[in-house]
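# Survey of secondary and tertiary structure
Now for the letters of each chain:
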Amino acid sequence: MPKLRVQSFSISLDGYGAGPNQDVDNPLGLGGGALHEWAFATQMFKHMHGSAGGVTGIDNDFVARGFSNIGAWIIGRNMFGPIRGEWPDDKWKGWWGDNPPYHVPVFVLTNHWRQPITMAGGTSFHFISDGIHAALKGAMEAANGRDVRLGGGIATIRQYLVAGLIDEIHLAISPTLLGSGEHLFFGLDAAALGYRCSEHAPTANATHVVLTRQT
Ligand SMILES: NC(=O)c1ccc[n+]([C@@H]2O[C@H](COP(=O)([O-])OP(=O)(O)OC[C@H]3O[C@@H](n4cnc5c(N)ncnc54)[C@H](OP(=O)(O)O)[C@@H]3O)[C@@H](O)[C@H]2O)c1
């Protein structure tokens, strides 16, 4: 059965997945860039962004796993961009330029529907305003037997968690404190929701944890 997977989702030691005050200059919120330093250093990340070098090993393997057997993504509107409320026009097409790193259909949850966008390299953005189940159905159909990656952000993952729809969550706990921002688990009981730690691996830059939902 195809799975719904969270991969390479970085959190701080105090549990935040984004810093406060997200805006066009701070897509990850203030201080949020520190969450991803483990990934930025990897060979896979550098290769995806047209650079040579980078570390191999556990961090790199986890980044690679996040793109293996993925046929579609689901993301929240805040991960797609900094615009809130009504779209002023159709100019914003995501943070990632003309050829985003997805290369498969991406379903964007939003209360403000707009026409789908076709990008270079196989990526398309589809705006879904009738809820998380509709987004999952569309993504699973588009993935055609492969898994769906739930990219984030935090509000989006929390909804799928509460609904018991995520099969596997890979978290990279980064050695930094944010103090405020968007908290992944606040008020949620992941154990009661059926999640157990199925894998953990420390590196110099992060502690990797995989949570698997018991069925
Ligand atoms: N730590 C990591 O690894 C990681 C990974 C990905 C992203 N991030 C970061 O996470 C932050 C974004 O997370 P976030 O929690 O602020 O927001 P988010 O989950 O990306 O998006 C939330 C927004 O999506 C729309 N939405 C979500 N669920 C919906 C539903 N069921 N129906 C209709 N619309 C829905 C709403 O937007 P509207 O009402 O405005 O349409 C909502 O305000 C960014 O800073 C991003 O860079 C971090």
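Above this text sits the structure in question.
Residues numbered from 1 in each chain as written. Predicted model: local features only at pLDDT ≥ 70, side-chain atom pairs only at ≥ 80, totals over all residues. Heavy atoms only, no water.

### Some thoughts on the site of the ligand
This is how it is decided: Residue proximity to a molecule or strand is established when one non-hydrogen atom of the residue lies within 4 Å of it. Pairing of N or O atoms within 3.5 Å defines a polar contact, subject to two protein rules: one partner must be a possible hydrogen donor and the other a possible acceptor, and residues neighboring in sequence count only if both atoms are side-chain atoms. Residue-level accessible areas treat just the shown protein chains as cover; the underlying method is Shrake-Rupley with a 1.4 Å probe. The definitions used throughout rest on a 1 Å grid laid over the protein atoms alone, on which a cavity is an enclosed set of points accommodating a 1.4 Å probe that cannot get out and a pocket is an open set flanked by protein within 12 Å on both sides along at least five of seven lines; lining residues are those having an atom within 4 Å of a point. Placement in a cavity or pocket follows one criterion, namely that more than half of the molecule's atoms lie within 2 Å of its grid points. Each helix is a run of DSSP H or I of at least 4 residues and each strand a run of E of at least 2, with the numbering of both proceeding from the N terminus. The classification used treats Ala, Val, Leu, Ile, Met, Phe, Trp, Tyr, Cys and Pro as nonpolar, Asp, Glu, Lys and Arg as charged, and all other residues, Gly among them, as polar.
Taken together, 24 residues sit near the ligand, with Ser10, Pro27, Arg77, Thr110 and Thr156 positioned nearest. Between the ligand and serine 10, the relevant distance is 2.7 Å, taken from a nitrogen atom to a main-chain nitrogen or oxygen of the residue. In this structure, methionine 79 approaches the ligand through a main-chain N or O atom, which is 3.0 Å from an oxygen atom. Compared with its free state, where it exposes 940 Å², the ligand has 86% of that area covered by protein. Among the cavities detected, the one that contains the ligand is the largest pocket. Elements represented by at least two residues in the shell around the ligand include exactly strand S1 (4–11), strand S2 (16–18), helix H4 (77–80) and helix H6 (154–162). Ranked by residue count, the leading element in the shell around the ligand is H6, at four residues. Residue composition of the shell around the ligand, grouped by class: nine nonpolar, 14 polar and one charged.

### Section: the pattern of salt bridges
Pairs can form between side chains of opposite charge whenever their charged atoms are close. The criterion, for reference: Within this document, salt bridges are pairs made up of a side-chain nitrogen of Lys or Arg and a carboxyl oxygen of Asp or Glu, the two lying within 4 Å of each other. For every residue, the accessible area obtained with a 1.4 Å probe (protein chains only) is divided by the maximum for its type, and the residue is called buried under 20%, exposed over 50%, and partly exposed between those limits.
Within the structure shown, the criterion is met by seven salt bridges. Across the pair glutamate 141 and lysine 137 runs a salt bridge whose closest N-O atoms are separated by 3.1 Å. Taken as a pair, glutamate 141 and lysine 137 lie in helix H5 (residues 132–143) at a separation of four residues, close to a single helical turn. The pair formed by glutamate 141 and lysine 137 is uniform in burial state, with each residue classed as exposed.

### Quick look at the sheet that holds strand S11 (residues 207–213)
Defined as follows: Strands were regarded as paired on the criterion that DSSP finds at least two bridges between them. Note on contacts: a residue pair is in contact if any heavy atoms of the two residues lie within 4.5 Å. Axis definition: a line fitted to C-alpha atoms, limited for helices to the stretch in contact. Angles are taken between N-to-C directions and run from 0 to 180 degrees.
A sheet is described by the order of its strands in space; here nine strands give the open sequence S5-S6-S4-S3-S7-S1-S8-S11-S10, paired in mixed fashion. Lying at the two open borders of the sheet, with one neighbouring strand each, are strand S5 (117–118) and strand S10 (195–202). Where S1 meets strand S8 (residues 168–173), five bridges bridge the pair, whose relative direction is parallel. Looking at S8, one finds that serine 10 is bridged to alanine 172. Contacting S1, strand S3 (70–76), strand S4 (105–109), strand S7 (147–152), S8 and S10, H6 crosses the sheet at an angle of about 130° to S7.

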